[in-house]
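# Structural overview
Here is how the chains run, residue by residue.
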Amino acid sequence: MVDLPVTKLSWTAFDNLNLMEKAACMCDGGREYHVLYAQQFGRERLDHLGRLATAIRRLAKTKEGMHELQKMLPHKRAMLYFAQPSSRTFLSFAAACQILGMPVAEVRDTSVSSEFKGESKEDTVRTFSSYFDFIVMRTQIDGLAERMAWVLSNSERPVPIINAGSGKDQHPTQALLDVYTLQRSFEERDGIDGKVIMFVGDLARGRTVRSLAWLLTNYDGVRQIFVAPPELQIGEDIQALLRERGVEFRLTEDFDASLREADAVYMTRIQDEWDSVAGESRRINTDRFHFQPRHLDILKTNAVIMHPFPRRQEIDIAVDTDPRAVYWRQMRNGMWIRAALIADLFRCDAMIQSDSVRRCG
Amino acid sequence: MVDLPVTKLSWTAFDNLNLMEKAACMCDGGREYHVLYAQQFGRERLDHLGRLATAIRRLAKTKEGMHELQKMLPHKRAMLYFAQPSSRTFLSFAAACQILGMPVAEVRDTSVSSEFKGESKEDTVRTFSSYFDFIVMRTQIDGLAERMAWVLSNSERPVPIINAGSGKDQHPTQALLDVYTLQRSFEERDGIDGKVIMFVGDLARGRTVRSLAWLLTNYDGVRQIFVAPPELQIGEDIQALLRERGVEFRLTEDFDASLREADAVYMTRIQDEWDSVAGESRRINTDRFHFQPRHLDILKTNAVIMHPFPRRQEIDIAVDTDPRAVYWRQMRNGMWIRAALIADLFRCDAMIQSDSVRRCG
Amino acid sequence: MVDLPVTKLSWTAFDNLNLMEKAACMCDGGREYHVLYAQQFGRERLDHLGRLATAIRRLAKTKEGMHELQKMLPHKRAMLYFAQPSSRTFLSFAAACQILGMPVAEVRDTSVSSEFKGESKEDTVRTFSSYFDFIVMRTQIDGLAERMAWVLSNSERPVPIINAGSGKDQHPTQALLDVYTLQRSFEERDGIDGKVIMFVGDLARGRTVRSLAWLLTNYDGVRQIFVAPPELQIGEDIQALLRERGVEFRLTEDFDASLREADAVYMTRIQDEWDSVAGESRRINTDRFHFQPRHLDILKTNAVIMHPFPRRQEIDIAVDTDPRAVYWRQMRNGMWIRAALIADLFRCDAMIQSDSVRRCG
């Protein structure tokens, strides 16, 4: 059985902790057991997972390498519980499990599980833990993944939970894939340290940006530029955090000027599904924050353009063929980093890395 | 090709048989081929399947053991056809197939199969038998699984059907997991023979209780106590059957007194989805049939508390941490006994048992 | 990377091509890369795929043979994207992938993918290509599969697309399974050449008949008889094509007379889902185009009866037990030919054929 700090706490005691304390509670000797918050990942872990994702990616290029990978976890079963619609995150987790040879079951359409009507969420999730060895969970309910991780940790089968998006607050594996994309983009330029990262769009409500801005504080000398209309600017809480960590940043509406400085431009869409009044977002003109083909002339030659998807009009499709547009590779990175996370969770990291060295040099 | 008694009968001739005769018709030399009724299982089969489930459970503890199990049935394909919503039964069957290395396909949301509109149920099920090697089937239609087993038995591809819940009448694999849980609970107390089993709740409509009460008649000296409000008491048909088999039983409303005698307490929820008038069940006060923490003091120290799930208020969650609460283990037993049933169906039982002896002693 | 003719063309240039030119554009050195149109398949390819399907079918009879097959493609991942409801085509593709050891993911219920709301179809399909190695796609939108094949061919991950039914126009793998069924039915009668094929029912709107009629022009001396009420007769475009290819055919309403000549009778249902006015089809009396038990006396002793399913009243179920009724075998052939197509796509054809010779003689 696992021995996590959280198993020693009542729900009330746990719930009263601050985010950093909670994050530590879900780790087992420095390594995350349940993956719930971006705040669980320090630089060492980010670097380790990035290297592991690359080892997996290289092995996966050949049939023999894939065969090695698929021998890792055929004896474990994954449960993908997606109560909130999602295909991108779902499919990348499914593919990640398949890469590691892991059988997958799913509950995707919430109407399917109407047998569960009248049943508590706790009983539902304990049902999953009865049959499967870990649970990937996406839900529109704030804090539900955290609550379930506490429940399972205090049960006889404390299988790990990976948060694949929980309400408005956290989506840690998206932040991991973003960091991995930056690691790869700058791998021949001394890594992420010292780079200028520019965020554009709906920074108020995008959980992706909030998590990534935090993770970047693990790197030295990174400058962050937040480009958005005032109504959609990055929250006060993130600004306070950046100040506290001594990170240089600025808020601006000047897209073009910022673009000249950026090493990475992180575009996002308007999250109108969170509008408190219908149509609220449509009143905000965001055209001047769209990436147009003409911006390619302004952008540094070695910069990269990212987007977490889905995209609407934020990036003109004519930009797609520019070599600096890495958002398709970024999407595929989601599969690699999720495979790395799962492999690491079940302690296959060392074996994969030695396979990779042996086969791929 | 398989040679079942049912293949020699017209539908009308078959349909006119009584339940015990029908049960025999679906067996192939004493071993069930289609799994449709609890009445197909005698004591010898129950003991065999229980031992096989335990062999699988022990092998599944290690990666090497899982590897042996997954070599059993990769060459067979399972079809899970769940026209009636269910997640627990569905997921445990999916996990059971994965344990045996068997690829799974599913039709879960009935709206998905609207291509089938205007097609007969017979043609739909023969479609499944065209691509898959056995069919797990759950439906709200009484007798449909039975009808389909007759259809397939008289076709060119008579693949086995497992009934995973058919209307109000039968849910045989639930009864099997209940018996397996009792076998395990009493394995150091000379087994199920001579024990006192107490059923509580909606005994009129719970197909689970009806099937289990029947299966327990295979054991010697078992006493059954049915605790329910008069409106929800066990049916006359089951009582007649118990009398015929010489089983000692009683009907009562006295929960506390019964509890003092019980070796196993089988709690159930109110099945209000079968109400003939909406809200009918709500008029019945069932509070006095709920298991409260205070009941733990009354219950024998070596008794067990069971529940087929989903649960509502029948068992207070404070009871969950008592070692006598075996309902989570019972749920997991569903996966093991279903894996055993499938393995046995495809004649992998001897190989699994010898693997288990070799590896686990 | 693959080098298809389509990658050299703009969408407009491609879209202006005629069907035969388009078909050629999707092939890679004479072998189809994307499978979009029946018109991509000439006789040599049809014969090759038929032989491969038979090799797979023979290997699949034993556990050892299945083991060989499942070693073919475990390193590739399939995406089944079914935006239009379908179970038969979906399940046969799923089974085909499982036979080759290929992990499968699916998006079946279109409501599941509502994360994609506001996203272009192009971005959605590129998402699939980010995680998977080929895409099976079914949609109600005419020409969408073709458009997506063009998009992927001009992207960094040009994974193959198999059209599993696109609007009213094409369903090429259905046509392939029909040809394979004819190949098997006539394998001891010198094959399809010189046979009389009779089509019955809704010939105006059945994409199946349209594709098969075309594919049969690859064989010598085949005569085609189209039996339907005038409102549902085969389209002028197909007639023109048959004339151009010098194929002997006739249109008639005389079911019984045609039956005496036929080597194969291809029955179809009324496709009322394409009615432009609701109930339109119901006003047409099609009773005289139903296959009744009495027709078995008229039919040649070595002829075969086919149906693409689902069936309604077109074939009386009493006909099912006649040995000339091959429609259940035809359905199962769909699984074998789809497995052959996928195996061929990934260049496993030679290895499978040599395994089959070695093991099955």
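In this text, all values refer to a predicted model and were calculated from it rather than measured experimentally.

Criteria and thresholds
Residues numbered from 1 in each chain as written. Chains lettered and ligands numbered in written order. Predicted model: local features only at pLDDT ≥ 70, side-chain atom pairs only at ≥ 80, totals over all residues. Helix = DSSP H or I, 4+ residues; strand = E, 2+ residues; numbered from the N terminus. Buried ≥ 20, exposed ≤ 12 C-beta atoms within 10 Å, placed from the backbone. Contact = placed C-beta atoms within 7 Å. Least-squares fit on C-alpha atoms with pLDDT ≥ 70 in both. Nonpolar A, V, L, I, M, F, W, Y, C, P; charged D, E, K, R; others polar. Pairing = 2+ DSSP bridges. Axes fitted to C-alpha atoms, helices over the stretch in contact; angles between N-to-C directions. Domains from an automatic or database assignment. Right-handed = clockwise from strand over helix to strand, strands pointing away. Core = buried A, V, L, I, M, F, W, Y, C linked by C-beta atoms within 7 Å. pLDDT = per-residue confidence, 0-100. Expected span 1.5 Å × (residues − 1). Parallel < 35°, antiparallel > 145°, perpendicular 65-115°, else oblique. Left-handed = near helix turned anticlockwise from the far one by under 90°.

All right, on to the overall build of chain A then. In terms of regular secondary structure, chain A is built from 14 helices and 11 strands. For chain A, the spread of C-alpha atoms along the three principal axes comes to 55 × 55 × 40 Å. Residues classed as buried in chain A amount to 53% of the 361 residues present. A fraction of 76% describes how many contacts in chain A between residues 6 or more apart in sequence connect residues 24 or more apart.

With an RMSD of 0.0 Å, chain B superimposes on chain A once it is rotated by 120° and translated 0.0 Å along the axis. When the rotation and shift are considered jointly, the pair of chain copies conforms to a three-fold rotation axis.

Here the focus is the interface of chain C and chain A. With 21 residues of chain C at the contact, the number on the chain A side is 23 residues. Listing elements by their share of the side of chain C that touches chain A, those giving two or more residues are strand S4 (104-107) and helix H6 (121-131) of chain C. Among the elements that take part in the side of chain C that touches chain A, H6 of chain C stands out by supplying five residues, more than any other. Taken together, the residues of the side of chain C that touches chain A sort by class into eight nonpolar, six polar and seven charged.

What follows deals with the sheet that holds strand S5 (residues 134-139) of chain C. All names here are of chain C. Sheet architecture is open: four strands sit in the order S4-S3-S5-S6, paired in parallel fashion. The outermost strands of the open sheet, each flanked by one partner alone, are S4 and strand S6 (161-166). Going across the sheet, the axis of each strand differs from the next one's by a mean of 15°, ignoring polarity.

Contact with chain B, which involves 23 residues of that partner, is made by 21 residues of chain A. Of all elements in the fold, only helix H4 (63-70), helix H5 (88-99) and helix H13 (327-345) of chain B reach the threshold of two or more residues within the side of chain B that touches chain A. For the side of chain B that touches chain A, the leading source of residues is H5 of chain B, giving six residues. Each residue belonging to the side of chain B that touches chain A can be placed in one class, and the counts come to 10 nonpolar, six polar and seven charged.

Before going further, it helps to examine the domain arrangement of chain A. Residue and element names in this part refer to chain A. Split by domain assignment, chain A resolves into domain 1 (5-171 + 334-351) and domain 2 (172-332). Here the C-alpha centre of domain 2 lies 26 Å away from the C-alpha centre of domain 1. When residues of the side of domain 1 that touches domain 2 are traced back to their parent elements, those giving at least two are helix H3 (43-59), strand S6 (161-166) and helix H13 (327-345). Per-element accounting of the side of domain 1 that touches domain 2 gives the leading share, six residues, to H13. Of the residues in the side of domain 1 that touches domain 2, the class split is 14 nonpolar, seven polar and five charged.

What follows concerns the sheet that holds strand S8 (residues 223-227) of chain B. All names here are of chain B. The parallel open sheet is built from five strands, whose spatial order is S9-S8-S7-S10-S11. With one partner strand each, in any of the chains shown, strand S9 (249-252) and strand S11 (304-306) form the two edges of the open sheet. In this sheet, neighbouring strand axes are inclined to one another by 15° on average, regardless of whether the strands run parallel or antiparallel.

Between Phe 309 of chain A and Pro 310 of chain A the backbone carries a cis peptide bond, its omega angle lying at 0°. As for its position among the elements, Pro 310 of chain A is in the loop between strand S11 (304-306) and H13. Here the phi dihedral of Asp 190 of chain C falls at roughly 65°; this positive angle occurs in a residue that is not glycine. Mapped onto the fold, Asp 190 of chain C is located in the loop between helix H8 (172-185) and strand S7 (196-200). Residue class for Asp 190 of chain C comes out exposed when judged on the 9 C-beta atoms lying within 10 Å of it. Unusually for a residue other than glycine, Phe 309 of chain C sits at a positive phi of about 60°. Inspection of the secondary structure assignment puts Phe 309 of chain C in the loop between strand S11 (304-306) and helix H13 (327-345). Overall, Phe 309 of chain C belongs to the buried group, with 24 C-beta atoms counted inside 10 Å.

This brings us to the pairing of strand S9 (residues 249-252) of chain C. All names here are of chain C. Relative to S9, strand S8 (residues 223-227) runs parallel, the two sharing four bridges. The partner of Phe 226 across the bridge, within S9, is Leu 251. Crossover handedness for the path S8 to helix H10 (residues 236-244) to S9: right-handed.

Before going further, it helps to spend a moment on the relation of the copies chain C and chain A. It takes a turn of 120° to lay chain C on chain A, together with a shift of 0.0 Å along the axis; the resulting RMSD is 0.0 Å. Both copies present different contact surfaces, since only 5% of the interface residues of chain C are interface residues in chain A too.

Counting residues in each nonpolar core, the largest one holds 344 residues, and the members touching the most others are Ile 56 of chain A, Ile 56 of chain B together with Ile 56 of chain C. The contacts of Ile 56 of chain C, once residues within four sequence positions are left out, are Leu 69, Ile 99, Trp 336, Ala 339, Ala 340, Ala 343 and Ile 352 of chain C.

Chain-level pLDDT for chain A is 93 on average; 97% of the residues reach the 70-or-more range. Both scores are available for the predicted complex, with the pTM at 0.96 and the ipTM at 0.95.

Moving on, we come to the environment of Asn 302 of chain C. Residues and elements named next belong to chain C. Tracing the backbone shows Asn 302 in the loop between helix H12 (295-298) and S11. By C-beta crowding, Asn 302 is classed as exposed, having 12 other C-beta atoms within 10 Å. Once the C-alpha coordinates of Asn 302 and Arg 282 are considered, the two residues, 20 residues apart in sequence, prove to be 34 Å apart.

Attention shifts here to helix H3 (residues 43-59) of chain B. Relative to the 24 Å expected for 17 residues at 1.5 Å per residue, H3 of chain B spans 24 Å between its end C-alpha atoms, a close match to the ideal helical length. Those residues of H3 of chain B not exposed but buried are Leu 46, Leu 49, Gly 50, Leu 52, Ala 53, Thr 54, Ala 55, Ile 56, Arg 57 and Leu 59 of chain B.

All names here are of chain C. Between H8 and H13, whose axes approach to 8 Å, the crossing angle comes to 115°. For the element pair H8 / H13, the angle class is roughly perpendicular. The chirality of how H8 crosses H13 is right-handed. For the pair H8 and H13, the contacting residues are Thr 173, Leu 176, Leu 177, Tyr 180 and Thr 181 in the first and Arg 329, Gln 330, Asn 333, Gly 334, Ile 337, Arg 338 and Leu 341 in the second.

Quick look at the pairing of strand S10 (residues 264-267) of chain B now. Residue and element names in this part refer to chain B. Residue alternation in S10 divides its side chains into two sets, Ala 264 and Tyr 266 and Val 265 and Met 267, and both sets are buried. Two strands pair when backbone bridges link them, and strand S7 (residues 196-200) and S10 are joined in this way by four bridges, in the parallel orientation. Across the sheet, Ile 197 pairs through a bridge with Ala 264, a residue of S10. Bridge count between S10 and S11: three bridges; the pairing is parallel. Looking at the pairing, Val 265 lines up with Ile 305 of S11.

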